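# Descriptive analysis of the structure
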Amino acid sequence: MLPSNVHSIYDSYFDALPFSPEVRDKNLCDTERKGHIKRIVPRPGLELVDSCYLLHESCTVGVQSSAAMVELSFCLQGSGEVSVAGSEQVSFMPDSCSLHLMRDFRVEFSFQADVPFHSISVGISVEQFDAWLSELDEGPAYSFEGLLGSKAFRRFQMPILPEMARLLPNLNGPSFSQPRLRKLQVEGKVLELASLGLDTFLFGHELHRSKSTMSRHDREKIRQARDMLLARMESPPSLIELAKMAQINEFKLKVGFKEEYGTSVFAYLREKRLEKAWSLLREGNHNVSQTASAVGFSNFSHFAEAFRKQYGLNPSDMKRGR
């Protein structure tokens with residue numbers, strides 16, 4: 001068995017990114033305000049990584065390691081390509097969840113310039129992964145070796161489930177005065193997320209969920225409602241108006257939208273407004289007030305607070321650092 005070292009693999013990845021040492025070593029926003037990297041190790045062999053950044057030039061980041069690990073990864077924003085030696089090229093896309101198994105691998109990540117990227121990942125040592133699976137009384141007998149076989153890399157992927165979407169924002173909850181309690185809090189949330197991910201990917205959790213009551217026609221109406229909402233981002237219709245415009249029942253719209261996109265109608269709108277605000281500020285043709293108005297924020301303070309919470313920096317910093 002090859003050595004399993006989750007933390008060294010993440011070290012190699014972040015060392016390869018074109019960041020300043022302050023970001024890599026201190027997990028802080030760098031001097032150009034490109035984003036943040038937060039790494040928490042609640043226990044040996046388990047690591048939570050929250051990374052949100054923007055690269056000013058398109059680049060390919062290569063990582064090679066003789067170690068092994070399992071990763072549960074959630075892409076919240078941005079997209080790109082992943083090429084693994086000896087395996088096919090795969091994509092990472094917004095609102096997607098992946099389970100990766102890897103050992104003695106060489107991988108390249110391709111990022112586009114000026115496209116914000118945000119992901120949350122849970123790194124799991126092979127020893128921890130196998131220990132969890134060995135405790136199961138029912139279902140198939142899985143193990144890292146059994147799932148990976150002779151390959152260097154294997155990936156399972158699906159959309160982020162609503163249950164996962166509810167857990168992800170809480171991973172970086174309020175801190176306690178005692179650092180050890182903070183680690184305990186994070187560990188509990190990471191374990192809940194990991195158990196849900198493994199149950200889904202390996203044991204068909206999704207198959208046992210209540211069947212959707214939506215028809216294909218309803219799903220198409222919900223997608224139309226989403227498009228209408230984004231087209232009127234600066235002055236969105238009410239939920240009742242949106243349901244009428246899409247010709248769908250209001251209740252079906254609320255329930256179905258959450259089923260399709262993992263969040264409520266207006267939480268989704270808020271996220272897309274902030275994504276557009278980031279793009280407008282990066283282009284440099286709008287000041288902060290104009291940007292806030294363009295994406296539908298009538299209160300500048302509310303806009304600045306929402307932007308800071310989403311990206312870890314003030315909208316005015318985008319203008320200064322452009």
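First, a word on what this report is: a plain description of the structure on this page. (Residues numbered from 1 in each chain as written. Predicted model: local features only at pLDDT ≥ 70, side-chain atom pairs only at ≥ 80, totals over all residues. Heavy atoms only, no water.)

The nonpolar side chains of soluble globular proteins are, as a tendency, buried together. Counting residues in hydrophobic clusters, the biggest one holds 37 residues, and the most contacted among them are Phe74, Leu99, Leu101, Phe129 and Met164. Not counting residues up to four positions away in its chain, the partners in contact with Leu101 are Met69, Val70, Phe129, Phe144, Leu147, Leu148, Ala152, Phe153, Arg154 and Phe156. Formed by 33 residues, the second largest nonpolar core is a distinct cluster that contains Cys52, Leu229, Met233 and Ala277. (Core = buried A, V, L, I, M, F, W, Y, C linked by side-chain atoms within 4.5 Å. Buried < 20%, exposed > 50% of the residue type's maximum accessible area, 1.4 Å probe, protein only. Contact = heavy atoms within 4.5 Å.)

So, about the packing of aromatic side chains. Taken as a whole, this structure holds ten aromatic pairs when the rule is applied. Both rings, one in Phe303 and one in Phe307, keep their centres 5.9 Å apart while their planes meet at 50 degrees; by these two values the pair is tilted. Of this pair, Phe303 and Phe307 both sit in helix 13 (residues 300-311), four residues apart, which is roughly one turn of that helix. Given a relative accessible area of 0%, Phe307 falls into the buried group. (Phe/Tyr/Trp six-rings, centres within 6.5 Å; stacked < 30°, edge-to-face > 60°. Helix = DSSP H or I, 4+ residues; strand = E, 2+ residues; numbered from the N terminus.)

Let us look at empty space enclosed by the protein. Evaluation of the coordinates by the stated rule reveals three cavities of 30 Å³ or more. Around the largest cavity, the lining comprises 28 residues; the ones closest to its centre are Glu71, Ser73, His100, Phe109 and Ser121. Among the secondary structure elements, those contributing two or more residues to the lining of the largest cavity are helix 1 (6-16), strand 2 (46-53), strand 3 (59-77), strand 5 (90-92), strand 6 (96-111), strand 7 (117-124) and strand 8 (153-159). Among the elements that take part in the lining of the largest cavity, strand 6 stands out by supplying seven residues, more than any other. Classifying every residue of the lining of the largest cavity by side-chain character gives 18 nonpolar, eight polar and two charged. (1 Å grid on protein atoms, 1.4 Å probe; cavity = no way out; pocket = protein on both sides within 12 Å on 5 of 7 lines; lining within 4 Å. Points joined across faces, edges and corners; volume = space filled by probe spheres on them. Nonpolar A, V, L, I, M, F, W, Y, C, P; charged D, E, K, R; others polar.)

A separate point is the pairing of strand 2. Taken across its eight residues, strand 2 has eight buried, putting it largely inside the fold. Residues Leu46, Leu48, Asp50 and Cys52 line one face of strand 2 and the alternating positions Glu47, Val49, Ser51 and Tyr53 line the opposite face, and both faces are buried. Bridge count between strand 2 and strand 7: eight bridges; the pairing is antiparallel. Among the inter-strand pairings, Leu48 is bridged to a residue of strand 7, identified as Val122. (Pairing = 2+ DSSP bridges.)

Let us now look at helix 1. Along helix 1, the residues that are buried comprise Val6, Ile9, Tyr10, Tyr13 and Phe14. Take helix 1 and look down its axis: the buried residues cluster within an arc of 125 degrees, on one side only. One side-chain oxygen at the N-terminal end of helix 1 lies 3.3 Å from the backbone nitrogen of His7; it belongs to Asn5. (Arc of directions from axis to C-beta. Polar contact = N/O pair within 3.5 Å; in protein donor to acceptor, adjacent residues only side chain to side chain.)

Our next topic: the pattern of salt bridges. Inspection of the entire model under this criterion finds seven salt bridges. In this structure, Arg103 and Glu145 form a salt bridge, with 2.8 Å as the shortest nitrogen-oxygen distance. You can see Arg103 sitting in strand 6 and its partner Glu145 sitting in helix 4 (residues 144-148), a full 42 residues away along the chain. The exposure class of Arg103 is buried, given its relative accessible area of 13%. Glu145 gets classed as partly exposed once you look at its relative accessible area, which sits at 34%. Here the salt bridges do not stand alone but share partners, grouping Asp11, Arg39 and Glu47 into one network. (Salt bridge = Lys/Arg side-chain N within 4 Å of Asp/Glu carboxyl O.)

Excluding glycine, residues mostly have negative phi values, and the peptide bonds linking residues are mostly trans. At Asp104, a residue that is not glycine, the phi angle is positive and equals roughly 40 degrees. Within the secondary structure layout, Asp104 lies in strand 6. With a phi angle near 60 degrees, Gln247 is a residue other than glycine that sits in the positive phi range. Of note, Gln247 is situated in the loop between helix 9 (239-246) and helix 10 (250-261).

This part takes up the pairing of strand 4 (residues 80-84). Because side chains alternate across strand 4, one face comprises the buried residues Gly80, Val82 and Val84, and the other comprises Glu81 and Ser83, none of which is buried. Where strand 4 meets strand 5, three bridges bridge the pair, whose relative direction is antiparallel. The residue of strand 5 that forms the bridge with Gly80 is Phe92.

Don't take any of this as a statement about function, it's just geometry.
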